[in-house]
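# A closer look at the structure
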Amino acid sequence: MDSSERASQVTATSAPIWKDKALLILLSIAVIGVILQITLGGVVRVTGSGDGCPDWPTCFGQAFPPLDQPTIDRLYDGPRPTTPRPHNVLLEYSHRSVGTLLGLAIIAAVIRVWMKHRSSKVVAWLATAELGLIFIVGMLGGAVVLNDLDPAIRTLHLFLAEIVAFLAIMTLVAASYDRSSSDKPSSPWIWGKVSDEHRSALNLAAAAAVFALVALLTGSYAVWKDAGAVCASWPLCGGDFIPQSTLAWIHMTHRVLSFVSIVLVLLAGHRVWRLPNISGALQFAALASAIIIFAQMLMGAANPWTTFSEWARAGHLSLATLVWVDMVFVVALLLRPTPGRELANSKDESAS
């Protein structure tokens, strides 16, 4: 028996990928980990902890940083005029540590996919792309520290981190769900196929996801350009319908894009909720879209209402990420609407 025949035999006898609990746990950890990583990044930003570790990849030249103020004062030689406080160091170090653990989980998932489920090409290549991108995000994180937290690099860093979340979700859904042969009629849609009855909902969800991501990035860019707190009232900027400065224009552009994303997310969630015969996961994602977007809208308003308190600013980015994540789940589940377990049951019934 040659190597190709042995590989075919292994593929034929191996358990379906959706039954591989260890892999699904790793892929789930990747999704949760990237959301936590982005959230921690927001907390680091709003607390001014971005240079809590003045070097990279070590922190104060050590694997484990000092957490007492005298040692920090003695070792610090970074860009800020005052030395970081211990909580700044701990937050930045935690952000890096979660990123490291996230990378290890993705590496383990990629190895497992290629060793046991290489016939699942979509999952294998999505996971590999996720691993490659998380490496780039890590390198950009180092560039952020070493380039005095440049706004353009920080925006690119956040954008790529959100794309890692996209790839993590697509990988998890591709491993757990698929399309049934009875899903007819269907037609191509970008990178997959979609049933005709789901097409309009999918288009709307994809548009909502794009606008949610753009609104998120413009909000972060506004903060990094010192335009985040320039409008101290809501919904208008100081009562002016037309912004009166460049920074106010940057801020209000974010608010306008956020409003468009709110409308699209609500419409997409409503459209998906009304679809017949959808999975419980898709129903949950549709319902969650309305809950999260309303929470995000209130959190956005809470920023000027609380004079841009740290908790409101950090919560705003975290909820914006959850909106993006939820819409990506909706898109992925519309492309692969049937759980693997149901597919196996339908095949068994047809065989009998």
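Refer to the preceding data block for the structure.
No experiment lies behind these values; they were computed from the predicted model shown. (Residues numbered from 1 in each chain as written. Predicted model: local features only at pLDDT ≥ 70, side-chain atom pairs only at ≥ 80, totals over all residues. Heavy atoms only, no water.)

### Describing the overall build of the protein chain
Here is the rule: In this text, helices come from DSSP runs of H or I with a minimum length of four residues, and strands from runs of E with a minimum of two, each type numbered from the N-terminal end. Burial status follows relative accessibility: with a 1.4 Å probe on protein chains alone, a residue under 20% of its type maximum counts as buried, one over 50% as exposed, and anything between as partly exposed.
Tallying secondary structure elements over the protein chain gives eleven helices and four strands in all. With 352 residues in all, the protein chain has 49% of them scored as buried.

### Focus: the side chain of arginine 45
The condition is simple: Contacts described as polar in this section are N or O atom pairs within 3.5 Å, which, within protein, must combine one atom able to donate a hydrogen with one able to accept it, while residues neighboring in sequence count only if both atoms come from side chains.
Mapping arginine 45 onto the fold places it in helix 2 (residues 21-46). Polar contacts involving the side chain of arginine 45 include one to the side chain of serine 220, which spans 3.3 Å.

### Focus: the side chain of serine 289
Rules: In what follows, a contact means two residues having at least one pair of non-hydrogen atoms within 4.5 Å.
With respect to the secondary-structure elements, serine 289 resides in helix 9 (residues 280-305). Its relative accessible area of 3% is what places serine 289 among the buried residues. Among all residues touching serine 289, those that are not within four sequence positions of it are Val265, Gly269, Asp326 and Met327.

### A short note on the packing of helix 2 against helix 6 (residues 151-176)
This is how it is decided: Here, axes are lines fitted to C-alpha atoms. For helices the fit covers the stretch in contact, and angles between N-to-C directions go from 0 to 180 degrees. Roughly parallel here means an angle under 35 degrees, roughly antiparallel means over 145, roughly perpendicular means 65 to 115, and every remaining angle is called oblique. In a left-handed crossing the near helix is turned counterclockwise from the far helix by less than a right angle, and in a right-handed crossing that turn is clockwise. Residue type decides the class: Asp, Glu, Lys and Arg count as charged, Ala, Val, Leu, Ile, Met, Phe, Trp, Tyr, Cys and Pro as nonpolar, and the leftover types, Gly among them, as polar.
Two numbers describe how helix 2 lies on helix 6: the axes approach to 9 Å, and their chain directions differ by 160°. Between helix 2 and helix 6, the angle falls in the class roughly antiparallel. The interaxial crossing formed by helix 2 with helix 6 has left-handed handedness. In this structure, helix 2 contributes Leu24, Leu27, Ser28, Ala30, Val31, Val34 and Ile38 to the contact, and helix 6 contributes Leu158, Ala161, Glu162, Val164, Ala165, Ala168, Ile169, Thr171, Leu172, Ala175 and Ser176. Of the residues belonging to the contact of helix 2 with helix 6, the class tally is 14 nonpolar, three polar and one charged.

### With respect to the environment of threonine 155
Along the chain, threonine 155 falls in helix 6. You can call threonine 155 buried: its relative accessible area is 16%. Along the sequence, threonine 155 and tyrosine 221 sit 66 residues apart, while their C-alpha atoms lie 6.1 Å from each other. Beyond its immediate chain neighbours, meaning those up to four positions away, threonine 155 contacts Leu217, Tyr221 and Trp224.

### Brief notes about the packing of helix 9 against helix 10 (residues 310-335)
Axis separation between helix 9 and helix 10 bottoms out at 9 Å; the angle between their running directions is 155°. In terms of their interaxial angle, helix 9 and helix 10 are classed as roughly antiparallel. With respect to the hand of their crossing, helix 9 and helix 10 are arranged in left-handed fashion.

### Things to note about unusual backbone geometry
Proline 57 follows tryptophan 56 through a cis peptide bond whose omega is 5°. Along the chain, proline 57 falls in the loop between helix 2 and helix 3 (69-75). In the Ramachandran plot, phenylalanine 60 falls in the positive-phi region, its phi being about 60° despite a non-glycine side chain. Within the secondary structure, phenylalanine 60 sits in the loop between helix 2 and helix 3.

### Some details on the pattern of salt bridges
In plain terms, the rule: In the sections that follow, a salt bridge refers to a side-chain nitrogen of Lys or Arg positioned within 4 Å of a carboxyl oxygen of Asp or Glu.
Throughout the structure, instances matching the rule amount to three salt bridges. A salt bridge links aspartate 178 to arginine 336; the nearest nitrogen and oxygen atoms lie 3.3 Å apart. You can see aspartate 178 sitting in strand 1 (residues 177-178) and its partner arginine 336 sitting in the loop between helix 10 and strand 4 (338-339), a full 158 residues away along the chain.

### A word on helix 6
Just so we agree on the cut-off: Helix span, as expected, comes to 1.5 Å for every residue beyond the first.
End to end, helix 6 covers 38 Å across 26 residues, agreeing with the expected 38 Å (1.5 Å per residue, within 8%). Of all the 26 residues making up helix 6, 19 are buried; the element is thus mostly covered by neighbouring parts of the structure.

### Focus: a nonpolar patch on the surface
How we decide: Each patch is built from residues that are more than 30% exposed by relative accessible area and take part in no salt bridge. Like charges join if they lie within 9 Å; nonpolar side chains (Val, Leu, Ile, Met, Phe, Trp, Tyr) join within 5 Å. Only the protein chains shown count as covering a residue, and every accessible area follows the Shrake-Rupley method with a 1.4 Å probe.
On the surface, Leu101, Leu104, Ile107, Ile111 and Met115 cluster together into a nonpolar patch covering about 520 Å² of accessible area. Counting through the fold element by element, methionine 115 comes out in helix 4 (residues 86-116).

### Topic: the packing of aromatic side chains
Convention followed: To pair, rings of Phe, Tyr and Trp, with the six-membered ring standing in for Trp, must have centres within 6.5 Å; the planes then decide the type, stacked if under 30 degrees apart, edge-to-face if over 60, and tilted in the middle.
Going through the model one piece at a time under the given rule, you end up with four aromatic pairs. Both rings, one in tryptophan 114 and one in tryptophan 125, keep their centres 5.2 Å apart while their planes meet at 85°; by these two values the pair is edge-to-face. One end of the pair, tryptophan 114, is in helix 4; the other, tryptophan 125, is in helix 5 (residues 121-146), and eleven residues separate them in sequence. The class of tryptophan 125 is exposed, set by a relative accessible area of 54%.

### Some points on the nonpolar core
Cut-off, in case you're wondering: We call a set of buried Ala, Val, Leu, Ile, Met, Phe, Trp, Tyr and Cys residues a nonpolar core when their side-chain atoms join them within 4.5 Å.
Core analysis: the largest hydrophobic core is formed by 81 residues, its most contacted members being Val272, Val330 and Leu334. Looking at this core, the elements that each hand over two or more residues are helix 2, helix 4, helix 5, helix 6, helix 7 (196-224), helix 8 (246-273), helix 9 and helix 10. For this core, the element with the highest residue contribution is helix 10, accounting for 15 residues. If we ignore the near neighbours within four places in the chain, the residues touching leucine 334 are Arg179, Val194, His198, Ala201, Leu202, Val272, Leu275 and Leu282. Core analysis: the second largest hydrophobic core is formed by six residues, Cys59, Phe60, Ile72 and Tyr76 among them.

### Observations regarding the environment of phenylalanine 284
Assignment of secondary structure puts phenylalanine 284 in helix 9. Judged by relative accessible area, which is 60%, phenylalanine 284 ranks as exposed.

### Re the environment of leucine 317
One can find leucine 317 in helix 10. As a C-alpha pair, leucine 317 and leucine 216 span 101 residues in sequence and 7.1 Å in three-dimensional space. Contacts of leucine 317, omitting those with residues within four sequence positions, involve Ile38, Gly42, Arg45, Leu158, Leu216 and Ser220.

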